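Each chain, written out:
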Amino acid sequence: MDRSKTKVAVVGGGPAGMAALKELRELGFDVTLFERRKDVGGIWTWTEDRSITTALKETQLCNSKFGLALSDFPISEDYPPYLTAPQLGSYLRSYAKEFDLYKNIEFGKTVTRFEKSVGTSKWQLTLADEPDAPKSFDKVVWATGGFLKPKSVAFEGQDQFAGRIVHSQDVRNLGDFKDQNVIVLGIGNTAGDITISLVHHANKVYLSHRRGTKIFKRSGADGLPTDIFVTPTISTIMWWIEAYLPSIFGKIMDITIDGNFKENWGENKAAWGLAQSPSIGDGVHIIVCNDDLIPLIKEGKVTSTQGIKRILGPKRVEMDDGLVIDDVDAIIACVGYYDDMEMLSDALTFVDAPGEAAPLPNLYMGIFPPEHADSVAIISNVHLNGPQIPGRELAAMAVAQIWAGNSSLPSKPSMDAWVGKHQEWLRKRIARAHGLHRGEVPSIQWMYFVHDAAETALYDNIGWSWKAWKLWWSDRELYKALAHGPATSHGFRVFETGKRAVWKDARQAVLDVNAEVKRLKEAAAEKKKIERGISNP
């Protein structure tokens, strides 16, 4: 089938947009990607433009590189287990170069309008630098992510404050806060990253928050990345428990994270205000991965406080419990962002969410608006319980195969019914857990949907099917690596299915990841053996 005359716009040049460009182009579509930054990589590529969100140079990824890579582009063994933001940005730029994506990308392009072309089936995009010349496309993939418009914050008495109140988006150089007393407002990963980095510059650092959270150390006491033990087999079991025994899932996750805390740092003292956390069963947004925050709190270099109640004077701030902090120079608000899906109102409908949460988009599997599923897809909306990048690539594979006619969607009434049931599920979760991402989806449904649409055949070959038994018999090394090794996206490209492209080196890449992890485990065991020898002469 000739698809070269089907024009597709991809909006956003982060991992999701790049994967969509690559997958659609491989199937013959005429694809153009629009990115407002000067390079690919999304938030992982540094920019001094403070109107655009970028990860701090000090930021370290929460997921290890073993489960983070794109499926046909391994992360070098030269990189440490946990990449920094600049390292991930470099990796993503290398990916774009390897697959010659740059030739289909227009940089410095901000989409300001998205609308249906009157009297046609096409969509029009208006760009900021070409306001009078909208561009027409047959299909649009929206991949702009969720870190776009900073949420505002206001305090009683704010006009009295003589210092700076800035959103975390505006923070670039933490040296700007040298020798100052700073309150970091928020309890997410951004707040944690800024707090531990500020310690090296500021005079005093306060972490202000109204709820507790689950602080998680990336590595266990043995120094091994914790996520290497979450194998595909374990994941499928946990997806089932999450779907059908949600309270038990929450308890398992809470016990796991609390155990990680105790193993690494001991008692989670009530005075810190962190232990009073909602359950992870109410949403993975509760988890904050940070190796240094608790040690800094224990050392007194970071003071954990309650939320900000009001500002009392030029440098005086009162907290919710009545504590007054004097001589405050700056408040950094790490209170989150809004996405830009409201721009897609010609393609999307929304329903109200509980409380002050943003309206919920009606999307089948968090990707397709049922009314326009054949021409519009949002692939950076879904929020997964695990690394996001492989999920974005799976979504891109699924969309490409569906639009190419190789896979199919349910009927519109069936998609509408799924959306209605999903919104009911999501509204209940949002009511229980403030701050829940509106892209939350049931893992088991979503994962099997995208794997089936892309037809990776991964889970067909590691479960209890005849295909799995055949692989176990014919290539036991690969079977063990896929089923019981660290979850790696290279497994998406191993099996020939006639749909998404296979990668001839996928089998070896899976084995290489397992070999590297094996060496890490052996080194950890040897270190433990030596330490035991020292402590027991």
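All values reported here derive from a predicted model rather than from experimental measurement.

Turning next to empty space enclosed by the protein. The gaps left among the atoms become clear once a water-sized probe is rolled over them. Per the stated rule, a full pass over the model turns up two cavities of 30 Å³ or more. Estimated volume of the largest cavity: approximately 70 Å³. Around the largest cavity, the lining comprises 13 residues; the ones closest to its centre are Glu242, Val284, Asn385, Arg429 and Glu440. Of the residues in the lining of the largest cavity, the class split is five nonpolar, five polar and three charged. Taken together, Pro361, Leu363, Gly366, Asn381, His422, Gln423, Leu426, Arg438, Gly439, Glu440 and Val441 make up the full set of residues lining the second largest cavity. Looking at the lining of the second largest cavity residue by residue, the classes come out as four nonpolar, five polar and two charged.

Attention shifts here to the environment of Gly273. Summarising the element assignment, Gly273 is placed in the loop between helix H5 (246-265) and strand S13 (287-289). Residue Gly273 is classed as partly exposed on the basis of its relative accessible area of 22%. Taking the C-alpha atoms as reference points, Gly273 and Ser304, 31 residues apart in sequence, are found 7.1 Å from one another. Sequence-distant contacts of Gly273, defined by excluding residues within four places in its chain, comprise His209, Arg211 and Gly212.

A word on the sheet that holds strand S18 (residues 330-333). Read across the sheet, five strands follow the order S9-S18-S10-S11-S14 without closing on themselves; strand pairing throughout is parallel. Each end of this open sheet is capped by a strand with a single partner; those strands are strand S9 (164-167) and strand S14 (302-305). When strand polarity is set aside, the average angle formed by the axes of neighbouring strands in this sheet is 20 degrees. In the sheet, strand S10 (residues 181-185) pairs with strand S11 (residues 204-208) via five bridges, with the strands oriented parallel. Opposite Leu185, over in S11, you have Ser208 as the bridge partner. Contacting S10, S11, S14 and S18, helix H3 (residues 189-198) crosses the sheet at an angle of about 165 degrees to S10.

As a further point, take the pattern of salt bridges. Scanning the entire structure with this criterion turns up 36 salt bridges. Arg438 is the salt-bridge partner of Glu342, the closest N and O atoms lying 3.5 Å from each other. Taken together, the positions of Glu342 in the loop between strand S19 (337-338) and strand S20 (350-351) and Arg438 in the loop between helix H8 (412-432) and helix H9 (443-454) put the pair 96 residues apart, joining distant regions of the chain. Shared partners join several salt bridges into a network, and the residues in it are Lys22, Glu23, Glu26, Asp72, Glu393 and Arg493.

The rules behind these values
- Residues numbered from 1 in each chain as written.
- Predicted model: local features only at pLDDT ≥ 70, side-chain atom pairs only at ≥ 80, totals over all residues.
- Heavy atoms only, no water.
- 1 Å grid on protein atoms, 1.4 Å probe; cavity = no way out; pocket = protein on both sides within 12 Å on 5 of 7 lines; lining within 4 Å.
- Points joined across faces, edges and corners; volume = space filled by probe spheres on them.
- Nonpolar A, V, L, I, M, F, W, Y, C, P; charged D, E, K, R; others polar.
- Helix = DSSP H or I, 4+ residues; strand = E, 2+ residues; numbered from the N terminus.
- Buried < 20%, exposed > 50% of the residue type's maximum accessible area, 1.4 Å probe, protein only.
- Contact = heavy atoms within 4.5 Å.
- Pairing = 2+ DSSP bridges.
- Axes fitted to C-alpha atoms, helices over the stretch in contact; angles between N-to-C directions.
- Salt bridge = Lys/Arg side-chain N within 4 Å of Asp/Glu carboxyl O.

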